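The primary structure of each chain is shown beneath.
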Amino acid sequence: MGNPHRETAVRALVEKDWQAAADAFTLAAHRDFGNGEEWSTLSPGSRERPAFGLASLCQAALCYRLAGHEDRARLRSLTAQPVAIDGRDHTREGVTRAVYQEFVADARAVLGDTERAATEYERAQQLYRSHTPEDPVTAASQPVFTAANRLILHASRNTGLDVRWDDLHGEDPQSGEYLAHRAAFKRRQLPRIVDAVLDAGRLHTPRGTTEYNNESYRCPECGETDINWVAGETVCLHCSVRVAKQ
Ligand SMILES: [Zn+2]
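Residues numbered from 1 in each chain as written. Predicted model: local features only at pLDDT ≥ 70, side-chain atom pairs only at ≥ 80, totals over all residues.

Bringing the overall build of the protein into the picture now. The secondary structure content of the protein amounts to 10 helices and three strands. The C-alpha radius of gyration computed for the protein amounts to 18 Å, which stays within 12% of the reference 18 Å derived for 246 residues, consistent with globular compactness. For the protein, the spread of C-alpha atoms along the principal axes amounts to about 55 × 40 × 35 Å. For the protein, the residues scored as buried account for 45% of the 246 residues in total. Within the protein, counting contacts between residues at least 6 apart in sequence, those at least 24 apart form 60% of the total. (Helix = DSSP H or I, 4+ residues; strand = E, 2+ residues; numbered from the N terminus. Rg over C-alpha atoms; globule rule 2.2 N^0.38 Å. Buried ≥ 20, exposed ≤ 12 C-beta atoms within 10 Å, placed from the backbone. Contact = placed C-beta atoms within 7 Å.)

And the structure:
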């Protein structure tokens, strides 16, 4: 789902301009919350678009923390929480309710409010257990889940705590724990990942289309030839610096 502000945000990450990235992620969120004409957070039916907006608010909060603006990070989190709660409490589909509860928790975790985040993740686990879909794997592939994966997959890149899609889900796809595992995993890992980003003082670009050993490119910093194409940029998969075709 295209959103020009999100692309601007990713380009700002390449420039290591955390404030510009945070501002652009904020605008991306408001675009995804809609203007009430074509879509909005109150539109009936699929909840995916506002979910991507919630992901962007969490990414904005992380970028503001990197830029040293804790107050604005807190405000983005405070904006996300009622939107997520409203989605959770006014959605008919049980699994979507659980996903929206994950966002309530993510918005806490990104601030380092680990204790409250843990409580909110436990609530998400309970919602998953009471709304197990017939086919949990298919459910987990829906866009609303893609949105809920975005913060942790992005923030963990190149931190040593690199999270993949499979990590988020339980071992038995038929079990009620398959989706509940998501909340337990985030409760354990997301606070550590946020700390790792802040300790490193940088957030890498998200993973876009990747290719290993593309000899047409060589990273000016690490010399590797593994490429990440994202938001119209061609960057090193490991350093997120621009690479030029040789
Ligand atoms: Zn590199």
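Moving on from the model shown.
The subject of this paragraph is the domain arrangement of the protein. Put simply, an interface is often sized by how much accessible area is lost when its parts join up. The domains assigned to the protein are domain 1 (4-203) and domain 2 (208-246). Centre-to-centre separation of domain 1 and domain 2, based on C-alpha positions: 27 Å. Taken together, the six residues of domain 1 in the interface contact eight residues of domain 2. Residue composition of the side of domain 1 that touches domain 2, grouped by class: three nonpolar, one polar and two charged. (Domains from an automatic or database assignment. Nonpolar A, V, L, I, M, F, W, Y, C, P; charged D, E, K, R; others polar.)

Next up on the list: helix 1 (residues 4-14). All buried positions along helix 1 are accounted for by Arg6, Ala9, Val10, Arg11, Ala12 and Leu13. For helix 1, the elements touching its buried residues are helix 2 (18-33), helix 3 (48-66), strand 2 (227-230) and strand 3 (233-236).

Turning to the pairing of strand 3, a few remarks are in order. Judged from the four bridges that link them, strand 2 and strand 3 form a sheet pairing that is antiparallel. When the bridges of strand 3 are listed, Val230 appears paired with Glu233. Between strand 2 and strand 3, which pair antiparallel in sequence order, lie two residues; one of them, Ala231, sits at a positive phi of approximately 50°. (Pairing = 2+ DSSP bridges.)

With that settled, consider the packing of helix 5 (residues 94-109) against helix 6 (residues 114-130). The N-to-C vectors of helix 5 and helix 6 enclose an angle of 170°; their axes lie 8 Å apart at closest approach. Judged by the inter-axis angle, helix 5 sits roughly antiparallel to helix 6. Between helix 5 and helix 6, the contacting residues are Gly94, Arg97, Ala98, Gln101, Glu102, Val104, Ala105, Arg108 and Ala109 on the first element and Thr114, Arg116, Ala117, Glu120, Tyr121, Arg123, Ala124, Leu127, Tyr128 and Ser130 on the second. Split into classes, the residues belonging to the contact of helix 5 with helix 6 amount to nine nonpolar, four polar and six charged. (Axes fitted to C-alpha atoms, helices over the stretch in contact; angles between N-to-C directions. Parallel < 35°, antiparallel > 145°, perpendicular 65-115°, else oblique.)

On to the sheet that holds strand 2, then. The sheet built from three strands is open, its strands ordered 1-2-3 with antiparallel pairing. Strands at the two margins of the open sheet, each flanked by one partner only, are strand 1 (209-211) and strand 3. Within this sheet the neighbouring strands show an average axis-to-axis angle of 25°, counted without direction.

With that out of the way, let us pick up unusual backbone geometry. With phi around 55°, Asn213 is a residue other than glycine that occupies positive phi space. Relative to the helices and strands, Asn213 resides in the loop between strand 1 and strand 2. On the basis of neighbour counts, which here come to 9 C-beta atoms within 10 Å, the residue Asn213 falls in the exposed class. The phi torsion at Ala231 lies on the positive side, around 50°, for a residue other than glycine. Structurally, Ala231 can be placed in the loop between strand 2 and strand 3.

Further remarks concern the environment of Pro44. Here Pro44 shows up in the loop between helix 2 and helix 3. The class of Pro44 is exposed, set by 8 C-beta atoms lying within 10 Å. Put simply, Pro44 and Thr26 are 18 residues apart on the chain and 24 Å apart in space, counted from C-alpha to C-alpha.

As a further point, take the pairing of strand 2. Bridge count between strand 1 and strand 2: three bridges; the pairing is antiparallel. Note that in strand 2 the partner of Glu211 across the bridge is Ile227.

Glancing now at the nonpolar core. Counting 64 residues, the largest nonpolar core has Leu54, Cys58, Leu62 and Cys63 as the members making the most contacts within it. Here this core gets 12 residues from one element, more than from any other, and that element is helix 3. Residues contacting Cys58, with those up to four places away along its chain left out, are Ala80, Asp106, Ala107, Val110 and Leu151. Core analysis: the second largest hydrophobic core is formed by six residues, Ile227, Cys236, Cys239 and Val243 among them. (Core = buried A, V, L, I, M, F, W, Y, C linked by C-beta atoms within 7 Å.)

With that out of the way, let us pick up helix 10 (residues 177-200). When the terminal C-alpha atoms of helix 10 are compared, their 33 Å separation across 24 residues agrees well with the 34 Å that a helix rising 1.5 Å per residue should span. At Gln189, helix 10 is deflected by roughly 35°, the largest bend along its length, and proline Pro191 occurs up to four residues later in sequence. Listed in full, the buried residues belonging to helix 10 are Tyr178, Leu179, Ala180, Arg182, Ala183, Lys186, Arg187, Leu190, Pro191, Ile193, Val194 and Val197. Against the buried residues of helix 10 lie helix 3, helix 5, helix 6, helix 7 (136-140), helix 8 (143-155) and helix 9 (165-168). Looking one or two residues past helix 10, Gly201 carries a phi angle of roughly 75°, positive in sign. (Expected span 1.5 Å × (residues − 1). Bend = angle between axes of the 7 residues up to and from the residue.)

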